[in-house]
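So you can see what is in the structure, the chains are spelled out below.
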Amino acid sequence: MLDTIFKGIFDTASMTVIPVSEFLLCAAVSLAIGAVIALTASRRTGYSHSFLAALATLPALVCVTIMMVNGNIGAGVATAGAFSLVRFRSATGSAKEIALIFMAMLAGLVAGMGYLAYAALFTLVMCIVFLALGRFDPESRGLVKTLRITIPEDLDYEGVFDELLSEYCKSWKRTLVKTVNMGSLFRLSYLVTFKQGADEKAFIDRLRCLNGNLEIALLQGESAGSDL
């Protein structure tokens, strides 16, 4: 009875209808896989609730999509086009975020093809690898930050902060230089990795002595510099 209710009105006798019980089983496993991925991502990172919610639901969305395509070439092409539209309307994330999204999509794809055990095994292995790599990631320990410094236009910024950066940071890289306030000021953006136990307050106080007590900002993680 249920299989009759959920049969598509455009289905033909040669088309295979997915039983409701199997549909619910695949969707439930995909949701469980998504919850595991989201929980793993939240253990060592500061991702937002919306990103974690997307990770939790993405495997189920992909799983249902694959089940509904079910060998239909036209539906497959339309689905690929829909995915490309979503991609080009989203902001580019970090490499780690892209990898997590790709992992969630792959798990959902495998589950949608009916290989539930493989999907669960793949998720388990990748989550263990993700947690293991996180132990060596300075960003997960809050050591990677974006430093933004405002300086007067007459200050030569080449190397002026290098000695101080080498004292407090393991590594640093200048990622952006921009003029502001009608060209009367410069804003510099650095991606820095602090040494373990570095005193950020003392670091900023000493930077203020070098930049004329102008604005200094320290942001968590690899923040984009497009709003400078």
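Let us look at the structure shown here. Bear in mind that the values here come from a model prediction, so they are computed numbers and not experimental data. (Residues numbered from 1 in each chain as written. Predicted model: local features only at pLDDT ≥ 70, side-chain atom pairs only at ≥ 80, totals over all residues. Heavy atoms only, no water.)

**Concerning the overall build of the protein chain**
As a reminder, the rule being used: Secondary structure follows DSSP: runs of H or I at least 4 residues long count as helices, runs of E at least 2 residues long count as strands, and numbering of each begins at the N terminus. Here's how the labels work: a residue is buried when its accessible area is under 20% of the maximum for its type, exposed when over 50%, partly exposed in between, all with a 1.4 Å probe on protein chains only. All accessible-area figures derive from a Shrake-Rupley calculation using a 1.4 Å probe, and residue coverage is judged against the displayed protein chains alone.
Broken down by element type, the protein chain carries eight helices and four strands. For the protein chain, the sequential pattern of α-helices and β-strands runs α-α-α-α-α-α-β-α-β-β-α-β. Here the protein chain holds 228 residues, and 29% of them are scored as buried. Accessible surface for the protein chain amounts to roughly 14000 Å². Of this, 64% is attributable to carbon and sulfur atoms.

**Re the packing of aromatic side chains**
The following threshold applies: Working definition: a ring pair exists when centres of Phe, Tyr or Trp rings (six-membered ring for Trp) sit within 6.5 Å. Plane angles under 30 degrees give stacked, over 60 give edge-to-face, the rest tilted.
Within the structure shown, the criterion is met by five aromatic pairs. Relative to Phe186, the ring of Tyr157 lies with its centre 5.8 Å away and its plane at 55°, an arrangement referred to as tilted. Remark: Phe186 occurs in strand S3 (residues 185–194) and Tyr157 occurs in the loop between strand S1 (144–152) and helix H7 (162–168); sequence separation between them is 29 residues. On the basis of relative accessible area, Tyr157 is assigned to the buried category, the value being 18%.

**Looking at helix H8 (residues 200–210)**
Working note: α-helix, 3.6 residues per turn, so residues spaced by three or four point in the same direction. Threshold: Here a polar contact means two N or O atoms within 3.5 Å. Within protein one must be a hydrogen donor candidate and the other an acceptor candidate, and residues neighboring in sequence count only if both atoms are side-chain atoms.
Structurally, the start of H8 carries an N-cap: the backbone nitrogen of Lys201 is 3.1 Å from a side-chain oxygen of Asp199. Note on H8: the residue one or two positions beyond its end, Gly212, has a positive phi of about 75°.

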